[in-house]
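Coordinate analysis (summary)
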Amino acid sequence: MEITKFASKSCVKCKVLDGILKQAGVDYNTVYAEDNQDLFESLNITTMPTLLFKQGENEKRLEGIVSPAQIKEVIESF
């Protein structure tokens, strides 16, 4: 499973989410709007932070600040 955090470098909530992801014990990649605006537009990412969980053709999103339990729930749903 691939987990990607879509964020902005100046987004405070995005930085808070880093700690939550660490607490949940998951590995993830980060894509910043400042570095890849085209990707944000192509995936229709409009809220920061957004977590995109992808496994094969299946994908799910969580937007904003979420709990470690919510993250684990999405992972277990695949």
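Our structure is the block above this text.
Criteria and thresholds
Residues numbered from 1 in each chain as written. Predicted model: local features only at pLDDT ≥ 70, side-chain atom pairs only at ≥ 80, totals over all residues. Heavy atoms only, no water. Axes fitted to C-alpha atoms, helices over the stretch in contact; angles between N-to-C directions. Helix = DSSP H or I, 4+ residues; strand = E, 2+ residues; numbered from the N terminus. Parallel < 35°, antiparallel > 145°, perpendicular 65-115°, else oblique. Left-handed = near helix turned anticlockwise from the far one by under 90°. Contact = heavy atoms within 4.5 Å. Nonpolar A, V, L, I, M, F, W, Y, C, P; charged D, E, K, R; others polar. Pairing = 2+ DSSP bridges. Right-handed = clockwise from strand over helix to strand, strands pointing away. Expected span 1.5 Å × (residues − 1). Buried < 20%, exposed > 50% of the residue type's maximum accessible area, 1.4 Å probe, protein only. Arc of directions from axis to C-beta. Salt bridge = Lys/Arg side-chain N within 4 Å of Asp/Glu carboxyl O.

Running from N to C, helix α1 (residues 12–24) and helix α3 (residues 68–76) point in directions that differ by 60°, and their axes come no closer than 9 Å. Of the possible angle classes, the one that applies to α1 and α3 is oblique. Handedness of the crossing formed by α1 with α3: right-handed. Judged by residue contacts, Ile20, Leu21, Gln23 and Ala24 of α1 engage Pro68, Ile71 and Lys72 from α3. In the contact of α1 with α3, the residues fall into five nonpolar, one polar and one charged.

Examined bridge by bridge, strand β1 (residues 2–7) and strand β2 (residues 29–32) share four bridges and lie parallel to one another. In the strand pairing of β2, Phe6 is matched with Val31. Taken together, β1, α1 and β2 form a β-α-β motif whose crossover is right-handed.

Bringing α1 into the picture now. Compared with the 18 Å implied by 1.5 Å per residue over 13 residues, the 19 Å span of α1 between its first and last C-alpha is a close match. Taken residue by residue, α1 has Cys14, Leu17, Ile20, Leu21 and Ala24 as its buried positions. Burial along α1 is one-sided: seen end-on, the buried residues are contained in an arc of 105°. Away from its buried face by more than 90 degrees, α1 exposes Val12, Lys15, Lys22 and Gln23. Looking at the buried side of α1, the elements it contacts are β1, β3 (50–55) and α3. Directly beyond the C-terminal end of α1, a positive phi value near 75° is found at Gly25.

Time to look at the pattern of salt bridges. In a structure, side chains of opposite charge can pair up when their charged atoms sit close to one another. The final tally for this structure, using the stated rule, is two salt bridges. In this structure, Lys5 engages Asp18 in a salt bridge whose closest nitrogen and oxygen atoms are separated by 2.4 Å. You can see Lys5 sitting in strand β1 and its partner Asp18 sitting in helix α1, a full 13 residues away along the chain. Under the relative-accessibility criterion, Lys5 is labelled buried at 1%. Taking relative accessible area as the criterion, Asp18 reaches 25% and is therefore assigned partly exposed. Taking the shortest distance from any N to any O, the salt bridge between Asp35 and Lys9 comes out at 3.2 Å. Separated by 26 residues along the polypeptide, Asp35 in the loop between β2 and α2 (37–42) and Lys9 in the loop between β1 and α1 bring together distant segments of the chain.

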